[in-house]
Amino acid sequence: MNQALFEKLSKILVPIAGKLNNSRYLQVLRDAFMLAFPLTIFGSIAVVIANLPFLDKVMSENSLNTLKEMLGVAPNATMGVMTIFVVFGIGYYLSKSYEVEGVFGGAIALASFLLLTPFVLQVEGKEAVQGVIPLDRLGAKGMFLGMITAFTAGEIYRKVVQKNITIKMPAGVPPAVAKSFAALIPAVVTLTFFLVVNIIVTQIFKTNMHDVIYNAVQAPLVGLGSGIIPTMIAIFVTQILWFFGLHGQIIINSVMDPIWNTLSLENLNAYTKTGEVPHVVSKQFIEIYTVGMGGTGMTLAVIFAILLFMKSKQMKQVAKLGLGPGIFNVNEPIIFGLPVVMNPLVIVPWILAPMVVTLVTYLAMSSGLVPPPNGVAVPWTVPIFINGIMATNSLAGGLLQVVNFLIVLVIWFPFLKFIDRMNLQKEREEGQDAAKSAS
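Note that this is a predicted model, so its numbers are computed, not measured.

### Points about the pattern of salt bridges
In a structure, side chains of opposite charge can pair up when their charged atoms sit close to one another.
Phase 1: Tallied over the full model, the rule gives seven salt bridges.
Phase 2: Across the pair E155 and R158 runs a salt bridge, and its minimum N-O distance is 2.8 Å. Of this pair, E155 and R158 both sit in helix α8 (residues 143-162), three residues apart, which is roughly one turn of that helix.
Phase 3: Judged by relative accessible area, R158 falls into the buried class, the value being 14%.

Below you can see the structure in the form of structure tokens.
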């Protein structure tokens, strides 16, 4: 790849990536999902414990069912109602980004979402139960409506506040009271808007906003995002962005996380109820079988290839520095030390290896050879093999990572060997020059 092509690609990609990375809405969305992260980890731990593969060997069926029933409240109270946390997070962080009171922004966004949520539980073959919210409305099924509502509510709230349409209390009033009164008019305006929307949709069109958004927006996007071709495109763009020194993971995840997280929630709901997993592609599929193998680009295999087979002192020093962080999926030492960024000698394996591994992983899981991730959240710093087992609740999930590790190593090997020879030649020449200078 010549310099002219580098410059052309940079002119196209860098401005686009910069706008995405600096987008207020994408930053807010990323922070909102991270707000829910520790809660989903707690729920995931409970799911893992309740579904350990050896429990049925050491516990009676009644005891195992009792254990699952006791632990079942944990995923329901965290991952099962994840939309609530995301909605509050969007309202909170969006308000803060405009320098208005964040807590009220979050609370108003959540109340707006609940105004659009039907308090009716439909049970097949039975009369509808009034005053009860179905759990799926607060989880995967309500995710896209929650995000749309939260951003809209946050914008209305902050605009009213910034126009100074608020109740101002005297100086001696306690701050908490003054802030509550200041939020009163913005809250009334925002909630009235969503109440009117709900009345129109339910009374005139005889439906609800949850079903409208789910059928018109969420289902098509989630269906598209669960396919292998959009996934491969996302991986390709991530690698290209990193090659130019841009944090591809953050940029692409900001766009794709709503889809991937929704797929994960649907997987978890199905897994906890039936033991089946409907989607191969999900947030865990992306994290565990790409980033979870030594960081973006799966460079743990690159480190081992250098340490085991290369002779260049420079390369070995970089690999030694990158080994510790790489085990925990942090690979900046390799990306900037090898380097990967703007290095035409490694662009082919850098892009090719993740795409091949993603395809192999998808085929292995879609064929039933390896169970797909069940929706359990696994911290991205958990090392390879362990995270594969945790995500799939199966030894096969870890063994697939070992196969993928070897695939990455094989793809990278000839390119690393070429770089190694170049570095060795350069090191010999530098050594000869140093010897001449000394003599």
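### So, the packing of helix α7 (residues 102-115) against α8
Phase 1: At a minimum axis distance of 8 Å, the contact between α7 and α8 shows a crossing angle of 130°. One way to sum up the angle between α7 and α8 is to call them oblique. In this structure, α7 meets α8 at a crossing whose hand is right-handed. Touching F104, G105, I108, A109, S112 and F113 of α7 are L145, G146, T149, A150, A153 and Y157, all from α8.
Phase 2: The residue makeup of the contact of α7 with α8, split by class, is eight nonpolar, four polar and no charged.

### Overview of the nonpolar core
Phase 1: I90, L338, W412 and L416 are the most contacted members of the largest nonpolar core, which totals 100 residues.
Phase 2: Ignoring sequence-local partners within four residues, the contact set of I90 consists of V28, L29, A32, M147, A150 and F151.

### A short note on the environment of Q317
Phase 1: Position of Q317 relative to the elements: it lies in helix α15 (residues 313-327).
Phase 2: Separated by 285 residues in the primary sequence, Q317 and A32 place their C-alpha atoms 39 Å from one another.

The rules behind these values
- Residues numbered from 1 in each chain as written.
- Predicted model: local features only at pLDDT ≥ 70, side-chain atom pairs only at ≥ 80, totals over all residues.
- Heavy atoms only, no water.
- Salt bridge = Lys/Arg side-chain N within 4 Å of Asp/Glu carboxyl O.
- Helix = DSSP H or I, 4+ residues; strand = E, 2+ residues; numbered from the N terminus.
- Buried < 20%, exposed > 50% of the residue type's maximum accessible area, 1.4 Å probe, protein only.
- Axes fitted to C-alpha atoms, helices over the stretch in contact; angles between N-to-C directions.
- Parallel < 35°, antiparallel > 145°, perpendicular 65-115°, else oblique.
- Left-handed = near helix turned anticlockwise from the far one by under 90°.
- Contact = heavy atoms within 4.5 Å.
- Nonpolar A, V, L, I, M, F, W, Y, C, P; charged D, E, K, R; others polar.
- Core = buried A, V, L, I, M, F, W, Y, C linked by side-chain atoms within 4.5 Å.

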